[in-house]
Amino acid sequence: MLNIVLRRLGMAVPILFGVTVIIFLLMTVLPGDPAAAFLSEDASAAERAAVRAELGLDDPLPVRYMDWLSDAVRGDLGYSPHRRAEVTTLLGAAWGNTVILAAYSAVFGLVGGVAAGFVAGVRRGKLTDRLISVFSLVGLSVPSFFLAIVMLIVFAARLRWLPSGGTGLDQDQVTFFKHLTMPVIAGSLATLGITARVTRAAIVETYAADFVQTLRAKGLGNLSILRHVFKNAISPVLTTSGLQIGYLLGGSVLIETIFQWPGMGMLVFNAISARDLLVVQGATLVIALTFVLVNLAVDLVQATIDPRLRRAVA
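Note that the coordinates shown come from a computational prediction; the quantities given were computed from them, not determined experimentally. (Residues numbered from 1 in each chain as written. Predicted model: local features only at pLDDT ≥ 70, side-chain atom pairs only at ≥ 80, totals over all residues. Heavy atoms only, no water.)

**Some thoughts on helix H11 (residues 264–273)**
The test is simple: Each residue is assigned to one of three classes by its accessible area relative to the maximum for its type, calculated with a 1.4 Å probe on protein chains only: buried under 20%, partly exposed between the two thresholds, exposed over 50%. Under the DSSP-based scheme used, a helix requires at least four consecutive residues in state H or I and a strand at least two consecutive residues in state E, with every element numbered from the N terminus. Should any heavy atoms of two residues lie within 4.5 Å, those residues are considered in contact.
Every buried residue of H11 is listed here: Met264, Gly265, Met266, Leu267, Val268 and Ala271. Where H11 is buried, its residues meet helix H4 (87–122), helix H10 (253–258) and helix H12 (277–305). Count one or two residues on from H11 and you reach Arg275, which has phi positive near 55°.

**Observations concerning the pattern of salt bridges**
To keep things clear, this is the line we draw: One side-chain nitrogen of Lys or Arg within 4 Å of one carboxyl oxygen of Asp or Glu is enough to make a salt bridge.
Inspection of the entire model under this criterion finds 2 salt bridges. Of the charged contacts, one joins Asp71 and Arg74 as a salt bridge, the two residues approaching to 2.4 Å between their closest N and O atoms. Residue class for Asp71 comes out partly exposed when judged on its relative accessible area of 23%. The residue Arg200 makes a salt bridge to Asp129 at a minimum N-O spacing of 2.7 Å. Placement of the pair is Arg200 in helix H7 (residues 173–207) and Asp129 in helix H5 (residues 127–141), with a sequence separation of 71 residues. Exposure remark for Arg200: the relative accessible area of 23% places this residue in the partly exposed category.

**Remarks on the packing of aromatic side chains**
Selection rule: Here a Phe, Tyr or Trp ring, Trp counted by its six-membered ring, pairs with any other such ring whose centre lies within 6.5 Å, and the pair is stacked when the planes are under 30 degrees apart, edge-to-face when over 60, and tilted otherwise.
In total, this model carries 9 aromatic pairs according to the counting rule given. Taking 5.9 Å as the distance between ring centres and 65° as the angle between the ring planes, the aromatic pair formed by Tyr104 and Phe176 counts as edge-to-face. Taken together, the residues span a long stretch of sequence, with Tyr104 in helix H4 and Phe176 in helix H7 at a distance of 72 residues. Centroid distance Phe155 to Trp161: 6.1 Å. Interplanar angle 35°. Geometry classified as tilted. A relative accessible area of 56% means that Trp161 is categorised as exposed. Through a chain of ring-to-ring contacts, the aromatic side chains of Phe17, Phe24, Tyr65 and Trp68 assemble into a single cluster.

Structure (C-alpha cells):
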C-alpha cells in the first residue's frame, strides 16, 4: 500500500506543476493591464510605470512565474483591489461554503446514485430497472441551471416554501436545510444520473462473471452473493465519483450564482465580471489543486478496496 501511495504522490507532483504553469500562462495572455486595477483612470504614465515595477510586471515571464509560484506556496496569492481584501482570505471563506454545498450534494448524488444503480442492476429488465434508467437519463439531460430556475419559480416565487438565495448558516438548522434543498437537488441531479448508470452497468457486468456461479455452487445465499458483487463492481463507480466530487468541490458557477450561494463559483463569477484577475487566478489554482487531491484520495480508496489494483501496482 505504501508503494501505491508513493506512486500516486509522485504522479500528482508533476500534474500540479503543469497546472500552475497553465494557469499562470492563461492569466498572462488575457487582454488588459493588471496594474490598471490599482490605479485611477487619470493616472499618469509615471504612476503606471511605478505600479508595474512594484508588481513585477516588467520582469521576464519565467521570473514572474517563479515569484508567483513561491508566493503561492507560502499562501500569498496577492491582494484584490476590487474587494479590498487578501485573495487568500476571500478564497478561504468561499471554499468553506462550497465544501458545505458539495458535501451535501455528493451525499445526495453519489449515495442516491449508487443505491438506484444497484437496484436497477439487480432488477435488470424489470419495471424498476426501466423506471430508474429513465430517471437517470432525465437527470443527465436536464441542464442544472434550467432546473434551478424552474425550482426557483415554483418553490420560492409561487409556493414560497423555500428561500430563493443565501446559505442560512447563521440561522437555525431548519432554515439552513431550507436554503440547502434547491441548490443540492439542482446541482447534484447530473451526479445522481451518472452514478446510477455507471453502477447499474458495473453490477450487470459483475453479475455475469464466472465467480458468481462459483459462489452459487458453494451454496452462498443471495445476500452474501450481492455483497461480493457489489465489492467487485464498486471500482468504476469510485472512479467516476472522484471526478464528480472534484466537479462539485470546484464550485458550480451557475448553481451558486443562481442561488446566491457565496462559494467558489460565485466568487469566480463576480471576479470575472470585475476583471479581478488575481482572484480568478487564485480560485483556479485552488479548484485545480482540490480536483487533483480528491482524485488522489479516490485512487487510494480504490486500491484499498480492490486487491487487483494493489497487485497491478506491486
